[in-house]
Amino acid sequence: LTLRSLVTTKEAGIVIGKAGATVNELRDRARVKAGVSKQANGVPERVLTIVGSVEGVAQAYGMVARALIESPPIGINYHNNALLPPPVPDSGLVTLRLLVYHQQMGVIIGKQGVKIKSIQENFNIKMVASKDMLPQSTERVVEIQGTADNLQNALYEIGNCLMEDVDNLAGTIAYVPHASHYIYMANSRYNANGNNQSNSQNSISDKFSISVDMVGCLIGKGGAKIQHIRRVSGAKISISKQPDEETGERTFTITGTPEANDRAMKMVHDQLESEKQRRTSTAVK
């Protein structure tokens, strides 16, 4: 299981510990791989990634929760799309912000919300899923709040749910925090009817990788589909000529204003979903 979460810069420092002591202990005791993404200029958040058995990942996040409770970051500034209020100091509660692919949300929420309700009741935690995907990604935030022990037990259940749905990850795009996202989401500047022309002074670049077998559905015959995405979104899109030697995936780079990039990413996501449904329908027949 690979389970990612958003942490503030201050939380990241607590998780890593002095000279890496805390994260090293976490790796050894839970027998997992764990790391925090490098901090980018102007970005208040980083991504914590933990990989291992479901039990190991749950144990590791339990250790993260205990570290945050024992050494709460002072003056924490939660992301503007935070869904749960920060826990009261000394309450023994902590909030974790998991990153879950939109395609897997169904196994966590359940039909008519039955699954998410049962997890909350069985493990005495609060759990809320954001409605929107994070910018330039197919990931959504799932906030869970509770004691360290309860969170660990709940994450074991959540991890098992995610492992049952690993076949549903084709075309997923992982979230990468970018400085422009915070200004963009705070001011809600997205306007689907706005100017499609990119302003070079406000341009940013976002990258994502796609498996080789899905590239064709984005490019289209004679490049028609990729040209359509460029024209409608106002963003420039380039594609690496060769796939990565390790992953076998090709890299797409989208350059434009935050608004243009979001339009392009939404169109990319919609095209991937459409292709996925087409292939599923063909396989059934």
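Placed above this text is the structure.
The structure reproduced in this document is the subject of the present report. Note that the structure is a prediction, hence the values are computed from the model and not measured.

Turning our eyes to something else, we now look at helix α1 (residues 9-16). For α1, every residue scored as buried is listed here: E11, A12, I14 and V15. The buried residues of α1 occupy an angular sector of 160° when projected down its axis, which confines them to one face. The elements touched by buried residues of α1 are β1 (2-8), α2 (21-30), β2 (33-36), β3 (45-51), α3 (54-70) and β4 (94-101). Within two residues after α1, G17 carries a phi angle of roughly 80°, on the positive side.

This brings us to the packing of α3 against helix α6 (residues 148-163). Following both chains from N to C, one finds α3 and α6 inclined at 150°, their axes separated by 8 Å at the closest point. Once α3 is placed against α6, the crossing between them reads as right-handed. Contacts between α3 and α6 pair V54, E55, A58, Q59, Y61, G62, A65, R66 and I69 from the former with A148, D149, L151, Q152, L155, Y156, G159, N160 and M163 from the latter. Grouping the amino acids of the contact of α3 with α6 by side-chain chemistry returns 10 nonpolar, 5 polar and 3 charged.

For the rest of this paragraph, the subject is the pattern of salt bridges. Two side chains with opposite charge may pair up if their charged atoms get near one another. According to the stated counting rule, one finds 7 salt bridges in the structure shown. Measuring nitrogen to oxygen at the nearest pair gives 3.2 Å for the salt bridge that ties R29 to E25. Of the two residues, R29 and E25 both sit in helix α2, 4 residues apart, roughly one turn of that helix. On the basis of relative accessibility, which here comes to 41%, the residue E25 falls in the partly exposed class. Its salt-bridge partner being K266, residue D270 comes within 3.0 Å of it at the nearest N-O pair.

What follows is about the sheet that holds strand β5 (residues 126-129). Strand order in the open sheet made by the 6 strands is β2-β3-β1-β4-β6-β5, with antiparallel pairing throughout. Sheet topology places β2 and β5 at the edges, where each strand pairs with a single neighbour. Along the sheet, successive strands turn relative to each other by an average axial angle of 25°, direction set aside. The sheet contact formed by β1 and β4 spans 3 bridges and is antiparallel. For L6, the partnering residue across the bridge sits in β4 and is R97.

On to the packing of helix α8 (residues 212-219) against helix α9 (residues 224-233), then. Close contact between α8 and α9 brings their axes to 5 Å; oriented N to C, the two are set at 65°. Where α8 approaches α9, its residues C217, L218 and I219 are matched on the opposing element by A224, K225 and I226. When grouped by side-chain class, the residues that make up the contact of α8 with α9 number 5 nonpolar, no polar and 1 charged.

Attention now goes to the pairing of strand β9 (residues 249-256). Every other side chain in a regular strand lies on the same face of the sheet, so the side chains alternate between the two faces. Pairing analysis gives 8 bridges linking strand β7 (residues 204-211) to β9, with the strands arranged antiparallel. Bridge assignment links S209 to a residue of β9, and that residue is T251. Where strand β8 (residues 236-239) meets β9, 4 bridges bridge the pair, whose relative direction is antiparallel. Looking at β9, one finds that S238 is bridged to T253.

With respect to topology, 3 strands assemble into an open sheet ordered β7-β9-β8, the strand pairing being antiparallel. The sheet terminates laterally at β7 and β8, the two strands that pair on one side only. Direction aside, neighbouring strands of the sheet carry axes that sit 20° apart on average. Packing of α8 onto the sheet brings it into contact with β7, β8 and β9, and relative to β7 it is tilted by some 125°.

Rules used throughout
Residues numbered from 1 in each chain as written. Predicted model: local features only at pLDDT ≥ 70, side-chain atom pairs only at ≥ 80, totals over all residues. Heavy atoms only, no water. Buried < 20%, exposed > 50% of the residue type's maximum accessible area, 1.4 Å probe, protein only. Helix = DSSP H or I, 4+ residues; strand = E, 2+ residues; numbered from the N terminus. Arc of directions from axis to C-beta. Contact = heavy atoms within 4.5 Å. Axes fitted to C-alpha atoms, helices over the stretch in contact; angles between N-to-C directions. Left-handed = near helix turned anticlockwise from the far one by under 90°. Nonpolar A, V, L, I, M, F, W, Y, C, P; charged D, E, K, R; others polar. Salt bridge = Lys/Arg side-chain N within 4 Å of Asp/Glu carboxyl O. Pairing = 2+ DSSP bridges.

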